[in-house]
Amino acid sequence: PPSPSRQVEKRRRTGSKGDPPTFTRQRSDDRADVAVRSTAELFFACLDKIGADGKGGDGGGGGDGDGGGSGDDIDTGNAASSSRRSTILPPDMQFALLADIRLSRSYHTRAGRVGAVQRRLMALIAILQSHPSQDVLLGYFHAQPELCAELADLVRPTVAGGRSNPPAPGVNPSVAAGSDSDGEGSNNGGGDVLTTISGGDESAASEVPYRIRSLAVEAMTALIGRRDGSSGGLSNIARSLNALGELGVAKGQFFGLLPALVRFTLSSLNTLMSQHSVGAAMATASASADEGNGTDGPEAMDTDEPATTANVADTPLSSRTSQIPQHEQEERMLEFIDIVLSLTSSVVSVPTGTSALTDCGLIPALVQTVSRDLETAKSVSVKSPFAIPPGDEGKTRGTAYVDSLLKFVSAQAIQILEAAVVTHSSALIAFHELEGVELLVKRLNLEIEEIKQAGSDGNSDGDGDVEMKDAKSQEGDSNTNNGGDNKKTRPLTASRRVILFSLTNCLTVIFHQQDSSSSAAVTPSGAAQLRKPELTNVVIDVLSNINGYGGVLGSLVSTLLTDVMNSDPQVVHYVHESGIAAAFFKMVKGEATESSPLLANSSSTCPPNLPAAAELIMSVSNVISALALTEKGATEVRNANPFPALLAIFSSPKYVMPTSRCLLNEMGAIVGTGLDEIMRHVPSLSGKINEAIVRTLSQIVSLGRELIEKENDVTSSSSSASAKEVEDMRTYLLQYSYNVSQLLEQILHQESHCGTFVQLGGLDALLELFPLLIPTGSHFLSHISCMTGPSFAKISHLTNSSALTLAIRNISSNIDSQKMIGIIIDRMEKHFETLQACQNEFWRRSKKAREERSGSADGDGSGIDSDNANDNDTCDSITGILDGVARVPIHMLDESEVNSDASTALSDYMRQFVVTEWLTNLLTSSIRAAQSKSSEISSSGWGRAEREWKELLSSKKFEGIVDKLSSLHRDSIQEVCRMRTEDGYDQRELDRRMPPGTPGNMSHPALYRLRIVCAEGAVVRNGIDIDSSASVGGLEIGEVIEATERCINASGVMRYRTRSGWVSEQTRGHGREPIAEVLEIRGVAADLSPSPSSTEVANAGAERAPRDAKKRKRVECGVTDLCSASASVMARMQHCRTSLFSCLSRIVCVSGARSMQYASLSLDEGTPGAHVSSLAQSLSRNIRDDFAVDGATEAIAISLSEGMHTNANESAASAHVTMYLGCMLTMLHSALLEERGSQTREVYNLFLLYSLLSEAEVLEDGQVDGKMPSSSGVDNNESDATDLPAVGFVGAIRFVLTEALADMQRRALKTFDGLPEQKLSRYTAASLPPAMALLRCLASKSIIYSDSTTGNVLGQMTLGELVKFLGIEGERRFHMGRFCRSLYTCIGNIALEMWQDDRLASAPAHIVHPTLRLLVDVMTSLKFSTEHTSVDQLSERASRSRSSG
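Residues numbered from 1 in each chain as written. Predicted model: local features only at pLDDT ≥ 70, side-chain atom pairs only at ≥ 80, totals over all residues. Heavy atoms only, no water.

### A look at the overall build of the protein chain
Move 1: If you tally the helices and strands in the protein chain, you get 63 helices and 12 strands.
Move 2: Looking at the protein chain alone, contacts between residues at least 24 apart form 80% of all its contacts between residues at least 6 apart.
Move 3: Of the accessible surface of the protein chain, which amounts to about 60,800 Å², a share of 50% is contributed by carbon and sulfur atoms. (Helix = DSSP H or I, 4+ residues; strand = E, 2+ residues; numbered from the N terminus. Contact = heavy atoms within 4.5 Å. Areas by Shrake-Rupley, 256 points an atom, 1.4 Å probe, with all protein chains shown as cover.)

So, in structure tokens, the structure goes:
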């Protein structure tokens, strides 16, 4: 930046003898008569001149005055001239030339120069406020280092030419002002002030027009203010340009530009207000003087309007200065003061600026302004202090605009005071010394009284703004007021709201600051101020008329009240006695008289009274906590019971999107934190809060039931209004559940809170709420058909289900485990009955739909084999149930009544699978929570705390639940695998990957209707890729939009193309939170996206289409057919059952085995042994049944009897059995082994493994006779390989390996254009990895290496105990070493059998490598087992000692 000496030198050179530095009237007058050609003529003349100069010396000296070239060029004609002009200058430079010509053309008049400067200042403000790069802006100012100083120079004449001393008491202001400095006439002081600020005497300061000065101040404000939302320092641009130094803001610079400007403007304002407050007579005299001739009134420059400044030189000075009436000068003055205070506010936000301005007397000036505003308001009551001159009625905006400006200026002054006292202690001390708190309280009370007076007079507009209309917030638009009398309103204009907010917020900040300030002892506290009638009346009136004042002001008053009571609890008694507490309770509860019962329906509840303002909702719980600080206060709060009314906002559409945003941004968690604090500090209120929470939950459940009924009633013939209502109710319900779950998360982490909550029925309400969140009917089918992964993604809203699950987990951790598990078991028993009823209903309706489709034309595309369908109306088994589901997408299904009924039944049936999965996961979480608590309490694993819930797990009731779940999972996976391996499935999946518009492809709908379900909304981008596309907008939760196309981008995220841009289906990352859900799909899409031509598709074939899609960096994804979507939902049973069995296995092999170590090995009822035995036998029995299902046993026997080396033909039966066995092996792996991060920490369930191997007769040689298996079993003797078992999971592993090798051989023989086809089929890819993983798990030396508790327990059992404990046949004895060697030998034989198979040569590399690793692991484990004989000796010694005992 330039040095001060350089700036002074520049000002000396640019100005002469005190003339204004920028504009001179002489230049304007001299060029007023010059004829100026049009811009276009000048532009082409410049082009011709450039062309002539570019010719050098060939064409003559330069042409005529029109800018032409040589004589030869002139004779060529207009056509040749136009062609030549177009090539003289590049196109990118022609606009710059035109802009420069237009700017230069305007220099000959003063109005043109003023307009040019004005446009540049406006552009500078715009770029400072909007440009994203600070480096670019910094470079722009560095290229013009004196620009900041020039901006300050534009404002400097205002300070130099102004006189703003207020009149002495008793002296007429018009006499006290004196005369002009130029001696041209005698003007009054008020006129001098108005002339100086609003554009007065041109001979003095008004050479810089009013607009230019205002824009210069706004430019400085934009330069200093920060746009990043942070505070505490200058921006890089302002620091580099020394902006504060140019404004004169520094220590000791009392006469700096900004300090002097602030003092001058505030003193001018005080002078003006003092003149208007002397009375109506003097105001009338002032108006009469203003109506006189121009020489007697205040002089002002022209209005700077383009239409009136063309002949400014010919207009007499007196005529020009009299064109601006006095009231307009007053408006200009107040506008300019408001702009100056905005600049001051930006400077005060910087600590150095606050310190410097405080030392220059900022605080006294601001306090004096507020004081003068108070006196003016008192003197004129509700009438305006500014009068319209006679004869000007109807020609101006009236006095309301000036009154509004005055309030805005006062509010600005108060906001600057607030910022100053927060950052500077000296400012706070000075403020208290000037009795600023009392002044603010009086001003606030006076404003409230004026509002009350305006409301009681029936003047609903009050002194309403003219240009700024009554800006009532949405929460204040209610027709119901809490004042009791509907005639008493609280009319608020925008200016009144601003000054009320500023006063209340400033008082709150000051009360908070003075508690920690050193001057707190000598200043009145907030409690003392609250005890005064003025502040008490303010608080009561605002709280009693909250719908009139609005939620934001109510939150400020509530915060003030909370701070005062928390700083001085003794004032709580006064708050209750004075009626403040009663007004607050009335604000929260409204006109509700009595609470409705806990399970009341929606029609009996009173609507919430609180305005939909987030700030107010956050502050309510804080006020209640402060009101209960004393024992008597807690009693009053308990009697008032505001909690039901407060929590009613979580079940009202008034507070959720799209109606309001007040509950977004974790508002439920914030309210829950406040209520939790009340419950912890005031235990007597805990019951009331729990009752209110359960009542709210019951209300939400009631709304959910009502929604389900309405969704069932809505049909295709229903009116659009009813469908829209149902969609809105579904959106509301999602938000209700999410918000209340956030609240419960903060409440239910305390054990005392959970007990009462469960006792009141809160847990039952939560368990009933989740099924209501799942969509119904065609909405559900459309949703699952369009999901990326319906087999693992969350069907309901992810945040809702996760939040509900987390709340129930908190309950599980804090209440009795037996009670929690028992409640979930009872719920699952009822649910299985509902599932069976829905299954029977679907069998009945699908049979009718199947008969109708079988009687239709052959080309219906259903793809259903009627011969495999079950002909009974009801059936306990679900085998073949998917045969009744159409193999077409839902938008291609015929809209018949039979199909509609079948779709409804299918939707209800699939919803029950989702609920089954959720309940199973809850049961698993509850068991894990109980186990965690037991391990913390008791080290033996069988203390009194855990005995009860473990006995419940051993009961017949729980065993029946596990058996039903296992049977459902077993049948579901069989049906899923059968459907996914049937003929036509792969072709349907391939059709989905083809682009829209492909002939015969019906999987792409023409329209998707989406609803935004993410609480944070959705980001709309202008491209498919998220990282490389720009954001073009956003969508809020609950918005329903339409999309015409969808695809999967390079990040694997489904993207929908809407009218505004692309929207994601889910978020990226681990969470995968849903963003949009599909409500409906219609029509068939044409070719909407870039795709290969029909010739390319025909030549390349269907196999090449995915490769073309990859080149376009997108993967086409059509809609799944109904049968495939239903199978994906049924496949969700795999994960939930796997998690449950893994949890039960951990109980058996960890806590159960540990409890058996500490106790005797008794298997009597009620002992740890009986508990572990029951669970172990239940697990092993169900897993045996998994591998012995109908169809699988026969397929295994046939395949293995033919031998590993036969080339069996591929069949759908063997394919679906292979895929099914792969799923069962995955679950077995999770049940056998619990991985804890390293091999040394792996825990094997030897109870389960020994039981399963005993059934497969793997342990006969090694365990009965006490002999080791023959070493020839691992040699090349092929006769031993044929002795491997063909039943159980061992037979299942061999069958999977056999089918995998046969599949790889068949695939290797098929070629396409010289390239191998797909190397693995779908069923091989799904079953071979689990089989290989389980083999490597069983071949690991960790089984014998780890100090297994289960092995020690089994080794101590006698022959009879082991048989009874595991429920196996024959007399057996466990020896750890021999058991492991037998196991390793069996696994080695399976691996050797696979290695010796010739078909392994057809396997790809990624299959051969795991096989080699398996062989290495087997050989290592066998060697390790032969070297450790101590394990056998210890086991034999322990067993022998117990037998002899």
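### With respect to the nonpolar core
Move 1: Core analysis: the biggest nonpolar cluster contains 358 residues, and Phe 584, Leu 675, Phe 757, Ile 927, Phe 1247 and Phe 1289 have the highest contact counts within it.
Move 2: Discounting residues that sit within four places of it in the chain, Ile 927 has contacts with Ile 821, Trp 949, Leu 953, Phe 958, Leu 1140, Cys 1143, Leu 1144 and Ile 1147.
Move 3: Listed in part, the five residues of the second largest apolar core include Phe 43, Leu 89, Leu 97 and Ile 101. (Core = buried A, V, L, I, M, F, W, Y, C linked by side-chain atoms within 4.5 Å. Buried < 20%, exposed > 50% of the residue type's maximum accessible area, 1.4 Å probe, protein only.)

### Focus on the packing of aromatic side chains
Move 1: Under the criterion given, the structure shown has 12 aromatic pairs.
Move 2: Summarising the aromatic geometry, the rings of Tyr 1008 and Tyr 1056 are spaced 5.3 Å apart at their centres and angled 75° between planes, so their arrangement reads as edge-to-face. Linking Tyr 1008 in strand β1 (residues 1007-1012) with Tyr 1056 in strand β5 (residues 1054-1058), this pair joins segments that are 48 residues apart in sequence. Tyr 1056 matches Tyr 1008 in its accessibility class, with the two residues each being buried.
Move 3: Plain terms: the ring middles of Phe 1247 and Phe 1365 are 5.0 Å apart, the flat faces sit at 75° to each other, and that makes the pair edge-to-face. Placement of the pair is Phe 1247 in helix α53 (residues 1246-1255) and Phe 1365 in helix α60 (residues 1359-1366), with a sequence separation of 118 residues. (Phe/Tyr/Trp six-rings, centres within 6.5 Å; stacked < 30°, edge-to-face > 60°.)

### Here we look at the side chain of Thr 776
Move 1: Examined against the element boundaries, Thr 776 turns out to sit in the loop between α38 (762-773) and α39 (777-786).
Move 2: Accessibility expressed as a relative area gives 6% for Thr 776, which makes it buried.
Move 3: In terms of polar contacts, Thr 776 uses its side chain to reach the side chain of Glu 711, at 2.6 Å.
Move 4: Beyond its immediate sequence surroundings of up to four residues, Thr 776 is in contact with Ile 708, Glu 711, Asn 712, Ser 907 and Arg 911. (Polar contact = N/O pair within 3.5 Å; in protein donor to acceptor, adjacent residues only side chain to side chain.)

### Side note on the environment of Thr 805
Move 1: By secondary structure assignment, the location of Thr 805 is in helix α40 (residues 798-814).
Move 2: On a C-alpha basis, the gap between Thr 805 and Asn 921 in space is 8.8 Å, while along the polypeptide they are 116 residues apart.
Move 3: At a separation of 3.1 Å, a polar atom in the side chain of Thr 805 contacts the side chain of Trp 918.

### Focus on the packing of helix α56 (residues 1288-1309) against helix α61 (residues 1376-1395)
The angle between the axes and the distance between the axes are what describe a pair of packed helices.
Move 1: Interaxial distance between α56 and α61 falls to 11 Å at its minimum, and their mutual angle equals 15°. Here α56 lies roughly parallel to α61, going by the angle between them. In this structure, α56 crosses over α61, and the sense of that crossing is right-handed. Packed against α56, whose contacting residues are Val 1290, Ile 1293, Arg 1294, Leu 1297 and Leu 1301, the element α61 presents Cys 1386, Ile 1390, Glu 1393 and Met 1394 at the interface.
Move 2: Within the contact of α56 with α61, the residues separate by chemical class into seven nonpolar, no polar and two charged. (Axes fitted to C-alpha atoms, helices over the stretch in contact; angles between N-to-C directions. Parallel < 35°, antiparallel > 145°, perpendicular 65-115°, else oblique. Left-handed = near helix turned anticlockwise from the far one by under 90°. Nonpolar A, V, L, I, M, F, W, Y, C, P; charged D, E, K, R; others polar.)

### Remarks on the environment of Arg 1181
Move 1: In this structure, Arg 1181 sits in helix α50 (residues 1168-1186).
Move 2: With 67 residues separating them along the chain, Arg 1181 and Leu 1248 place their C-alpha atoms 9.6 Å apart.
Move 3: Among residues more than four places away in sequence, those in contact with Arg 1181 are Glu 959 and Asp 963.
Move 4: Here Asp 963 takes part through its side chain, which lies 3.2 Å from a polar atom of the side chain of Arg 1181.

### Quick word on the confidence of the model for the protein chain
Move 1: Per-residue confidence for the protein chain gives a mean pLDDT of 76, with 71% of residues at or over 70.
Move 2: Across residues 161-190 the pLDDT falls below 50, and counting only partners more than four positions away or on other chains, this stretch makes 48 contacts in the model. (pLDDT = per-residue confidence, 0-100.)

### Here's the deal with the pattern of salt bridges
If charged atoms from side chains of opposite charge come close, those side chains can pair.
Move 1: Following the criterion strictly, the structure yields 43 salt bridges and no others.
Move 2: Of the charged contacts, one joins Glu 577 and Lys 632 as a salt bridge, the two residues approaching to 3.6 Å between their closest N and O atoms. Of this pair, Glu 577 sits in helix α29 (residues 571-578) while Lys 632 sits in helix α32 (residues 631-640), and the two are 55 residues apart along the sequence.
Move 3: Given the relative accessible area of 47%, Lys 632 is considered partly exposed.
Move 4: Between Arg 1114 and Glu 1116 there is a salt bridge whose closest N-O contact spans 3.0 Å.
Move 5: Judged by relative accessible area, which is 5%, Arg 1114 ranks as buried.
Move 6: Salt bridges sharing common partners tie together Asp 883, Arg 887, Glu 975, Arg 978, Glu 982, Arg 988 and Asp 1121. (Salt bridge = Lys/Arg side-chain N within 4 Å of Asp/Glu carboxyl O.)

### Comments concerning a negative patch on the surface
Move 1: On the surface, Asp 816, Glu 948, Glu 951 and Glu 1165 cluster together to form a negatively charged patch.
Move 2: Locating Glu 951 in the fold gives a position in helix α43 (residues 944-953). (Patch = residues over 30% accessible without salt bridge, like charges linked within 9 Å, V, L, I, M, F, W, Y side chains within 5 Å. Lys, Arg positive; Asp, Glu negative; His and termini not counted. Charge placed at Lys NZ, Arg CZ, Asp CG, Glu CD.)

### A short note on a nonpolar patch on the surface
Move 1: A contiguous nonpolar patch, built from Met 892, Met 1002 and Val 1084 and spanning about 220 Å² of accessible area, is present on the exposed surface.
Move 2: Relative to the helices and strands, Met 892 resides in the loop between α41 (817-854) and α42 (897-937).

### Description of the environment of Arg 105
Move 1: Mapped onto the elements of the fold, Arg 105 is located in helix α6 (residues 91-105).
Move 2: Residues Arg 105 and Arg 37 lie 68 residues apart in sequence; the distance between their C-alpha atoms is 8.6 Å.

### Remarks on the pairing of strand β7 (residues 1076-1082)
Move 1: Across the seven residues that make up β7, a large majority, five, are buried.
Move 2: Summarising the sheet, β1 and β7 pair through six bridges and their orientation is antiparallel. Of the residues in β7, the one forming a bridge with Leu 1007 is Arg 1082. (Pairing = 2+ DSSP bridges.)

### Here we look at unusual backbone geometry
Move 1: Cis geometry marks the peptide bond from Met 657 to Pro 658, where omega comes out at 5°.
Move 2: Mapped onto the fold, Pro 658 is located in the loop between α33 (643-647) and α34 (667-681).
Move 3: Phi at Glu 435 is positive, roughly 55°, even though this residue is not glycine.
Move 4: Within the secondary structure layout, Glu 435 lies in the loop between α22 (425-433) and α23 (436-456).
Move 5: Even without being a glycine, Asn 665 presents a positive backbone phi close to 60°.
Move 6: Turning to its location among the elements, Asn 665 is positioned in the loop between α33 and α34.

### Considerations on the packing of helix α44 (residues 956-980) against helix α48 (residues 1122-1130)
Move 1: Relative to each other, α44 and α48 sit at 145°, their axes nearing to 9 Å. For α44 against α48, the interelement crossing comes out left-handed. Contacts between α44 and α48 involve Ser 972, Glu 975, Val 976, Met 979 and Arg 980 from the former and Cys 1123, Ser 1124, Ala 1127, Ser 1128 and Met 1130 from the latter.
Move 2: Class assignment for the residues of the contact of α44 with α48 results in five nonpolar, three polar and two charged.

### Considering the pairing of β1
Move 1: The buried count for β1 comes to six of six residues, which makes it a mostly enclosed element.
Move 2: Relative to strand β4 (residues 1040-1048), β1 runs antiparallel, the two sharing four bridges. In the strand pairing of β4, Arg 1011 is matched with Val 1040.

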